[in-house]
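Working through the structure, step by step
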Amino acid sequence: MIKSAVRLQRTRGVAGTAFSDVLADSGAPRGSVYHHFPQGRGQLAEAATEHGAEWIAEQLEEMLAGGDPLAALEAFVDLWSGVVLEEAYQAGCAVAAGALDPDHDSGARRAAAAGFRRWETLLADAFAPHVGADQAQALAVTCIAAIEGALILVRAEASLRPLELVAEQLSRVLFQSIAAQK
């Protein structure tokens, strides 16, 4: 059910993802959703956002393990390209969807903030040996913000062009930042 909620949040947002949609997508029996998420749809949205954030963090950890931040950035962009192509340009980021939950006291928003912070830490830790801690933090936030923004444009334009342009610029900035430290 959580994986279905992640998939649906990527395409419909938190507000557009109902229990009935999750049940239809997952094939789970109706009673199971209320058993596992007794606090309602908000609890499911929070769990989906956490799951989406964790999945991306795991992908980033794997990509960054090689010690080459430029290759990791390229792999990260390729991952997102695959996601949006698989969903025919209808998918965005489930974590961003959690951040945009209209409920101002949303568990999904808190999960999104924690997820984004984790991604930032992973990227900053990987960039720091190459550019220093202060620059690494700024680059990490820039990468996340630029890629998340590009995903919105990709969906609006039904084209990978925005993501490709952002990736090119982020690679250039990261390369220049690394070269400046040598």
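A few points on the structure.

Thresholds, definitions, all that
- Residues numbered from 1 in each chain as written.
- Predicted model: local features only at pLDDT ≥ 70, side-chain atom pairs only at ≥ 80, totals over all residues.
- Heavy atoms only, no water.
- Helix = DSSP H or I, 4+ residues; strand = E, 2+ residues; numbered from the N terminus.
- Rg over C-alpha atoms; globule rule 2.2 N^0.38 Å.
- Buried < 20%, exposed > 50% of the residue type's maximum accessible area, 1.4 Å probe, protein only.
- Areas by Shrake-Rupley, 256 points an atom, 1.4 Å probe, with all protein chains shown as cover.
- Lys, Arg positive; Asp, Glu negative; His and termini not counted.
- Charge placed at Lys NZ, Arg CZ, Asp CG, Glu CD.
- Salt bridge = Lys/Arg side-chain N within 4 Å of Asp/Glu carboxyl O.

Overview of the overall build of the protein chain
If you tally the helices and strands in the protein chain, you get nine helices and zero strands. When the helices and strands of the protein chain are placed in sequence order, the string is α-α-α-α-α-α-α-α-α. In summary, the protein chain has a C-alpha radius of gyration of 17 Å against a globular reference of 16 Å for 182 residues, a match within 12%. For the protein chain, the spread of C-alpha atoms along the principal axes amounts to about 60 × 30 × 30 Å. Residues classed as buried in the protein chain amount to 46% of the 182 residues present. Accessible area of the protein chain: about 9100 Å², with a carbon and sulfur share of 54%. Distance from the positive charge centre (14 side chains) to the negative charge centre (23 side chains) of the protein chain: 5 Å.

Details of the pattern of salt bridges
Evaluation of the coordinates by the stated rule reveals nine salt bridges. Across the pair E54 and R118 runs a salt bridge, and its minimum N-O distance is 2.5 Å. Of this pair, E54 sits in helix 4 (residues 41-64) while R118 sits in helix 7 (residues 107-131), and the two are 64 residues apart along the sequence. Looking at R118, the relative accessible area reads 30%, which means it is partly exposed. Of the charged contacts, one joins R161 and E157 as a salt bridge, the two residues approaching to 3.3 Å between their closest N and O atoms.

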